[in-house]
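Structure at a glance
Chain residues, written in single-letter form:
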Amino acid sequence: MSSNNVARVLVVGGGYVGMYTALRLQRKLKQELRQGTVEVIVVDPEPYMTYQPFLPEAAAGSISPRHVVVPLRRVLPQCKVVVGEVTAIDHDERRATITTLAAEETGDGAIEVAYDELVLAPGSVSRTLPIPGLADVGIGFKTVEEAIGLRNHVLEQLDIASSTRDPAVRDAALTFVFVGGGYAGVEALAELEDMARYAVRYYHNVKPEDMKWILVEATDRILPEVGPDMGRYAVRELRGRNIDVRLETRLESCEKRVAVLSDGSRFPTRTLVWTAGVKPHPILAASGLPLTAHGRLKCTAALQVDGVEHAWSAGDAAAVPDVTAEPPAKPDEPPALCAPNAQHAVRQSKVLAENIAAAVRGGPIVDYAHKYAGSVASLGLHKGVAHIYGRKLRGYPAWFMHRAYHLGRVPTFNRKARVLAEWTLAGLFKREIVSLGSLENPRAEFELAAGTGRHNEAS
């Protein structure tokens, strides 16, 4: 419970904003944390932060999965990390309800935590549409578990295609459909296609031209963050690798493992990856705090929830005015907002921590201001596009910049060194093309042996 002599900061979410804010608070409030006059609590369903820009490379096997995540307890030793989910917030009473793993096991119910300052940074969740069959066969790409599961799945499809004589099963196994032309969809497809094209050299009856890779995008361009010119280049690059890029096309249905597109095309497939956007986390709607029409928290440039004291937010969850943007052309137009991406999230977290520290100590707060630098995207090994400070790069220079930028941004020196070492080793040795699908169900073999499976011993 929060008391008069302890200022408690509750951070909801351990992603970019949550982890970086808590990390900065550790440094800014070092003395208060040691004296016990300030307490920082970080709540997240997972005990780690996922560096999502590295998920495509983890899926392709260029980076080990454990190096894509950062353990919260290790990097936040001065904070209290609670593995659980905030299910309700009563900001008038400054109380949050948290469901923990222990509460689920014992049935004791959720716990309540009182706080003085609230940081809402739960991130976003996948935005799905009511498309027939999507919930049954779709694969997401937001977590490290999904990335590794997709890698194992793709390699498993190559094994299926290699071992069947049924042309329909083979065709479906070798058809890979990705829906969504943003960063996640394009980078995941490009990296996995690279990996699969390398892997099939070890299959005696599967060739690269046997595979069908299809990217479905509802708008007229992909990778809008890198600009129209680089977006068009990315389309040409992907199509040059025999990847079928379908713009202004939607997924209509995927029932019975058949992807039906709005242009009338039908593709029997065993792989459908959904990366068509995200939506705000449901806890925002349950918080009772002011939201925009798109469900994000209305925030000031100082990262405070608009009109609400002691409530803060940043990143995907927050609609933060971009003070560096040009003013609206018409008085009735809304001001420009900061894009909900990692570039702003990391920088916002620094300002957010400074303002919370100032609020705890009674000092002045400042506005967040950062002019958007640009974007980089990988299109597979040694291929990429970039639009940085007005300069356009493509091919190897863009790919190198992509790696250099994200290597500099991944948290902790430990992770930087491990990722760099893996990249170096990957350049010296061949790719790993082993599917470890059994990791997703580790008890399957034991259950088979204990039951009536092939290992059952005669009595």
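Attention here is on the structure that accompanies the text. Since we're looking at a predicted model, the values are computed, not measured.

Taking 1.5 Å as the rise per residue, helix α13 (residues 396–409) with 14 residues should run 20 Å; its terminal C-alpha atoms sit 20 Å apart, in good agreement. Within α13, burial applies to Ala398, Trp399, His402, Arg403, His406 and Leu407. Along the long axis of α13, the arc covered by the buried residues comes to 165 degrees, so they all point the same way. Against the buried residues of α13 lie α3 (55–60), α9 (183–199), β22 (374–378), β23 (384–388), β24 (391–394) and α14 (413–428).

Taking 1.5 Å per residue as the helical rise, helix α10 (residues 228–240) with its 13 residues ought to reach 18 Å, and the 18 Å between its terminal C-alpha atoms agrees with that figure. Of the residues making up α10, those classed as buried are Met230, Gly231, Tyr233, Ala234, Val235, Glu237 and Leu238. On its buried side, α10 packs onto α9, β12 (212–216), β13 (243–246), β23 and β24. Looking at the residues trailing α10, positive phi occurs at Asn242, about 70 degrees.

Together, Leu425, Leu428 and Phe429 give the surface a local cluster of nonpolar side chains, amounting to about 360 Å² of exposed area. Here Leu425 is to be found in helix α14.

Before going further, it helps to examine the packing of helix α7 (residues 144–163) against α9. When two helices pack together, their arrangement is captured by the angle between the axes and the distance separating the axes. Closest axis-to-axis distance for the α7/α9 pair is 11 Å, and the angle between their directions is 35 degrees. Crossing of α7 against α9: the hand is right-handed. Taking contact as the criterion, the partners of Leu150, Arg151, Val154, Leu155 and Leu158 in α7 are, on α9, Leu192, Met195, Ala196 and Ala199. Grouping the amino acids of the contact of α7 with α9 by side-chain chemistry returns 8 nonpolar, no polar and 1 charged.

Attention shifts here to the sheet that holds strand β20 (residues 311–313). Taken in spatial order, the 7 strands make up an open sheet running β7-β6-β5-β2-β1-β8-β20, and their pairing is mixed. Of all the strands in the sheet, the pair left with one neighbour each is β7 (111–114) and β20. Neighbour to neighbour, the strand axes of the sheet diverge by 40 degrees on average, direction disregarded. Along the sheet face, helix α12 (residues 342–361) touches β1 (7–12), β2 (38–44), β8 (117–120) and β20 and points at about 165 degrees away from the line of β20.

Our focus in this paragraph is the environment of Leu72. Of note, Leu72 is situated in helix α4 (residues 72–75). For Leu72 and Glu46, which are 26 residues apart along the polypeptide, the C-alpha to C-alpha distance reads 8.9 Å.

Where β2 meets strand β5 (residues 80–90), 4 bridges bridge the pair, whose relative direction is parallel. Across the sheet, Val43 pairs through a bridge with Val82, a residue of β5. When β5 meets strand β6 (residues 95–100), the two strands line up antiparallel, connected through 6 bridges. The residue of β6 that forms the bridge with Val86 is Ile98. The hairpin turn running from β5 into β6, its antiparallel successor, is 4 residues long, and Arg94 in that turn takes a positive phi close to 55 degrees.

Spatially, 5 strands are ordered β10-β17-β11-β12-β13 in an open sheet, and the strand pairing comes out parallel. Each having just a single partner strand, β10 (138–139) and β13 make up the two edges of the open sheet. Running over the sheet, α7 touches β10, β11 (175–179), β12 and β17 (271–274) and is turned about 160 degrees from β17. Contacting β12 and β13, α10 runs over the sheet at an angle of about 140 degrees to β13.

Conventions used here
- Residues numbered from 1 in each chain as written.
- Predicted model: local features only at pLDDT ≥ 70, side-chain atom pairs only at ≥ 80, totals over all residues.
- Heavy atoms only, no water.
- Helix = DSSP H or I, 4+ residues; strand = E, 2+ residues; numbered from the N terminus.
- Expected span 1.5 Å × (residues − 1).
- Buried < 20%, exposed > 50% of the residue type's maximum accessible area, 1.4 Å probe, protein only.
- Arc of directions from axis to C-beta.
- Contact = heavy atoms within 4.5 Å.
- Patch = residues over 30% accessible without salt bridge, like charges linked within 9 Å, V, L, I, M, F, W, Y side chains within 5 Å.
- Areas by Shrake-Rupley, 256 points an atom, 1.4 Å probe, with all protein chains shown as cover.
- Salt bridge = Lys/Arg side-chain N within 4 Å of Asp/Glu carboxyl O.
- Axes fitted to C-alpha atoms, helices over the stretch in contact; angles between N-to-C directions.
- Left-handed = near helix turned anticlockwise from the far one by under 90°.
- Nonpolar A, V, L, I, M, F, W, Y, C, P; charged D, E, K, R; others polar.
- Pairing = 2+ DSSP bridges.

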